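# A structural walkthrough
The residues making up each chain are set out below.
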Number of protein chains: 2
Amino acid sequence: MPARPASPSRRNLPPSVSIREVGPRDGLQNEAPVPPAERARLVRALADAGCRSIEAVSFVSERAVPAMAGAAEVIALVSRGDGGPSGRRSTSGGSELRLTALVPNLRGAERAIEAGVAALTVTISASAAYNDKNVRMTIEESLREIESVAGLAAGQGMAVDAVVSCSFGSPFEGEIDPGEVAGLAARLAEAGCSDLTFADTTGVASPRRLDAVLSALEARTGRAARDVGLHLHDTRGTALVNAWAAMEAGVRRFDTSLGGLGGSPFAPGAGGNLATEDLVGLLDDVGVATGIRLSALLKAGSLARDLVGHALAGRTMSALEGSARAY
Amino acid sequence: MPARPASPSRRNLPPSVSIREVGPRDGLQNEAPVPPAERARLVRALADAGCRSIEAVSFVSERAVPAMAGAAEVIALVSRGDGGPSGRRSTSGGSELRLTALVPNLRGAERAIEAGVAALTVTISASAAYNDKNVRMTIEESLREIESVAGLAAGQGMAVDAVVSCSFGSPFEGEIDPGEVAGLAARLAEAGCSDLTFADTTGVASPRRLDAVLSALEARTGRAARDVGLHLHDTRGTALVNAWAAMEAGVRRFDTSLGGLGGSPFAPGAGGNLATEDLVGLLDDVGVATGIRLSALLKAGSLARDLVGHALAGRTMSALEGSARAY
């Protein structure tokens, strides 16, 4: 009796997923400031590894977030690589590099557009308490700010991705009603956001919570899982299993961070993002394409570690170091 | 339009899985020796948390593995709890506690039976090179030793679980032909082993490799995934996603280790077992019963940490500590 074919066919996995690398923004914003030229070098190393979508910077107050100072310079340095406009830099693979920026408000959006990024990211929280602590606004105030950003971007034909933090729970309110999260998603689309990403800010997502939010979204807006991005944190070591479960549920776009950079500096190793190389390693093994070359990604990881000056949380890197020590 | 029901129904998850806690054996064998009375205290704490199957000790050479010295004493001390015979100790939940022991050979099996354990575990590697390094025997020699152990156990009506290490790959041979792994499983059944567990000794498993081995097993022996145990290591942070994928493929029995104890002392945090509390936390959330109470398990984890004198790799514990520091 012949063995049945192994996955992905048996498991009905997609042929590919797309990854937005957020390490230079979500990762480095929590670190001691790295000079713009070095951040541009890291972005280039990621692009060379095959990352096609990179959240390179945020245009926030340089006083509030010193690690993100010089955002326009980072974009200019990377774009200068071959003079491509709008943060786009053609690569040997032929596909276009999209540099994106997080913007907190209209002023940030203006600066990002002037700098020449390809798309904007805005954030809002499904948790009223978290939104207040993070940006000192009510959810209604955040929606109005986002509407103004989206209006500006629309005039430039530019995409705006709304990242909904605490979509699967909050340290303040606990689990948040999936219907409320879906309702917020609907309002973000009405406000003019072209894209939508659910973020698991404190690492409390599970396959059940993912299913509940995705189901509520489809019921409320008709939007399917394949049209949603997912931004996972690895606080409880569940980021990879959640990415897997989300992929099974139809999600095709993920935010990840090189080396698992990110999270609170007060809880080392406990709160970082899903590590890009951990997801790429898993997907490589099961035959789901990402366009990213793991070996080149690990070189970028070495650079990132040098820039931040400490070990990274990503498990693939520490496993390779462990085996290097053991043999 | 009402939201569709969330998992587990939608995902067709099982109502329950069984967990064999291996921390007192697979975990503590890699640590500085802990006195038998303290190891018995840890086993009792695990039993009190609802663990019904605990690999408490191994009956190996005390000179070769000093951390496992006093194995019979550990079994006696736990069993004495209420005088139950054969390592069985009835609990408030009414179900029986099964203390099991790893035995490397016939002499170890005799000692384990004399000590009164409920079942035996034997190991063999799908990797000839690993088998040689681990027990200095060829696979044929290991099979003969296991046959003699299984013969002895059969005379006592005692179960023998054959754990096949490196089932999904080896540091020496790389990926191992699933047909070979299935062939070894068939020979272990012929040798008299009642149970079978595939071990991912170096953390190289993936959903694809799991599917391939399970398919080859069913093709070769007719044995289904629900009749196989899985012993996962978290070297690359993939233990939890592999457990999830295995559960989807029909596996219903897992080895886990409190706090993720285990693995090489030369690569800290890089090689431990799948942490019991991480799996229980995930399964609690999605509604798959384990019979284990997470809060009591975390208390046992504190005890384990005190006994070994260092932080544990399990992510649930470090996440809770992180939040305790953050708020």
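If you're wondering where the values come from, they're calculated on a predicted model, not measured in any experiment.

With that out of the way, let us pick up the pairing of strand 3 (residues 98-102) of chain B. Residue and element names in this part refer to chain B. Of all 5 residues that make up strand 3, 4 are buried, and the element is covered over most of its length. Direction of pairing for strand 2 (residues 53-58) relative to strand 3: parallel, over a ladder of 5 bridges. What sits directly across from I54, in strand 3, is L99. Of the pairings in the sheet, the one linking strand 3 to strand 4 (residues 119-125) comprises 3 bridges and is parallel in character. From the neighbouring strand, A101 faces strand 4, where its bridge partner is L120. Handedness of the β-α-β unit built from strand 3, helix 4 (residues 106-115) and strand 4 comes out right-handed.

Residues and elements named next belong to chain A. If you walk through the whole model with that rule in mind, you get 32 salt bridges over all chains. Taking the shortest distance from any N to any O, the salt bridge between E55 and R25 comes out at 2.6 Å. With E55 in strand 2 (residues 53-58) and R25 in helix 1 (residues 23-27), this pair connects stretches of sequence that are 30 residues apart. When its relative accessible area of 8% is taken as the criterion, R25 is described as buried.

To continue, consider helix 11 (residues 294-308) of chain A. Residues and elements named next belong to chain A. When the terminal C-alpha atoms of helix 11 are compared, their 21 Å separation across 15 residues agrees well with the 21 Å that a helix rising 1.5 Å per residue should span. Listing the buried residues of helix 11 in full gives L297, L298, A300, G301, L303, A304, L307 and V308. Among the residues trailing helix 11, G309 stands out with phi positive, at a value near 80°.

As a further point, take the packing of helix 10 (residues 276-286) of chain A against helix 8 (residues 207-221) of chain B. Remark: helix 10 of chain A packs on helix 8 of chain B, axes separated minimally by 7 Å, with the N-to-C direction vectors making an angle of 35°. Listed contacts from helix 8 of chain B to A:L282, A:D285 and A:V286 of helix 10 of chain A are B:P207, B:R208 and B:R209. For the contact of helix 10 of chain A with helix 8 of chain B, a count of residues per class yields 3 nonpolar, no polar and 3 charged.

Looking now at the environment of A:H231. Residues and elements named next belong to chain A. Note on placement: H231 falls in strand 7 (residues 229-232). Each C-alpha atom of the pair H231 and G262 lies 12 Å from the other, and the pair is 31 residues apart in sequence. In this structure H231 touches V22, D26, T197, F198, A199, D200, D255 and N273, once residues within four positions along its chain are discounted.

Now for the sheet that holds strand 5 (residues 159-165) of chain A. All names here are of chain A. Read around the closed barrel, 8 strands run 1-2-3-4-5-6-7-8, paired in parallel fashion. For this sheet, the mean inter-axis angle between neighbouring strands, taken without regard to orientation, is 25°. Sheet analysis places strand 1 (residues 18-21) next to strand 8 (residues 253-256), joined by 4 bridges and oriented parallel. Within strand 8, the residue paired with S18 across the bridge is R253. Across the sheet, helix 6 (residues 139-155) touches strand 4 (119-125) and strand 5, and the angle it forms with strand 4 is around 170°.

Residues and elements named next belong to chain B. With parallel pairing, the 8 strands of this closed barrel are ordered in space as 1-2-3-4-5-6-7-8. Going from strand to strand, the sheet's axes swing by 25° on average, the running direction of each strand aside. Here strand 6 (residues 195-200) runs beside strand 7 (residues 229-232); their pairing, made up of 4 bridges, is parallel. Looking at strand 7, one finds that T197 is bridged to G229.

Within the largest apolar cluster, 185 residues are counted, with the highest numbers of intra-cluster contacts made by A:L120, A:L188, A:F198, B:L120, B:L188 and B:F198. Not counting residues up to four positions away in its chain, the partners in contact with B:L188 are B:I124, B:L143, B:I146, B:A162, B:V164, B:C193 and B:L196.

Picture a little ball the size of a water molecule; that probe, rolled over the atoms, points out where space is still empty. All chains considered together, the criterion is met by 8 cavities of 30 Å³ or more. Roughly 230 Å³ of internal volume is contained in the largest cavity. In terms of lining residues, the largest cavity is bounded by 23 residues, among which A:G237, A:R315, B:D234, B:G237 and B:R315 are the most central. Going through the elements one at a time, helix 9 (239-248) of chain A together with helix 9 (239-248) of chain B are the ones with two or more residues in the lining of the largest cavity. Residues belonging to the lining of the largest cavity are distributed by class as follows: 9 nonpolar, 7 polar and 7 charged. There is about 80 Å³ of room inside the second largest cavity. As for the second largest cavity, its lining consists of B:V103, B:P104, B:N105, B:V122, B:T123, B:V135, B:M137, B:S142, B:E145, B:I146 and B:V149. When contributions to the lining of the second largest cavity are tallied by element, the ones reaching two or more residues are strand 4 and helix 6 (139-155) of chain B. The biggest single contributor to the lining of the second largest cavity is helix 6 of chain B, with 4 residues.

What follows deals with the pairing of strand 6 of chain B. Residues and elements named next belong to chain B. In terms of burial, strand 6 is largely enclosed, as 5 of its 6 residues are buried. At this point the chain moves from strand 5 (residues 159-165), through helix 7 (residues 178-190), to the parallel strand 6, and the crossover so formed is right-handed. In this fold, strand 6 hands off to helix 8, which returns the chain to strand 7; that crossover is right-handed.

Here we take up the packing of aromatic side chains. Residue and element names in this part refer to chain B. Within this structure, the stated rule accounts for 2 aromatic pairs over all chains. Plain terms: the ring middles of F168 and F198 are 6.3 Å apart, the flat faces sit at 70° to each other, and that makes the pair edge-to-face. With F168 in the loop between strand 5 and helix 7 and F198 in strand 6, this residue pair connects regions lying 30 residues apart in the sequence. On the accessibility criterion, F168 (2% relative accessible area) is buried.

The rules we used
- Residues numbered from 1 in each chain as written.
- Chains lettered and ligands numbered in written order.
- Predicted model: local features only at pLDDT ≥ 70, side-chain atom pairs only at ≥ 80, totals over all residues.
- Heavy atoms only, no water.
- Buried < 20%, exposed > 50% of the residue type's maximum accessible area, 1.4 Å probe, protein only.
- Helix = DSSP H or I, 4+ residues; strand = E, 2+ residues; numbered from the N terminus.
- Pairing = 2+ DSSP bridges.
- Right-handed = clockwise from strand over helix to strand, strands pointing away.
- Salt bridge = Lys/Arg side-chain N within 4 Å of Asp/Glu carboxyl O.
- Expected span 1.5 Å × (residues − 1).
- Axes fitted to C-alpha atoms, helices over the stretch in contact; angles between N-to-C directions.
- Contact = heavy atoms within 4.5 Å.
- Nonpolar A, V, L, I, M, F, W, Y, C, P; charged D, E, K, R; others polar.
- Core = buried A, V, L, I, M, F, W, Y, C linked by side-chain atoms within 4.5 Å.
- 1 Å grid on protein atoms, 1.4 Å probe; cavity = no way out; pocket = protein on both sides within 12 Å on 5 of 7 lines; lining within 4 Å.
- Points joined across faces, edges and corners; volume = space filled by probe spheres on them.
- Phe/Tyr/Trp six-rings, centres within 6.5 Å; stacked < 30°, edge-to-face > 60°.

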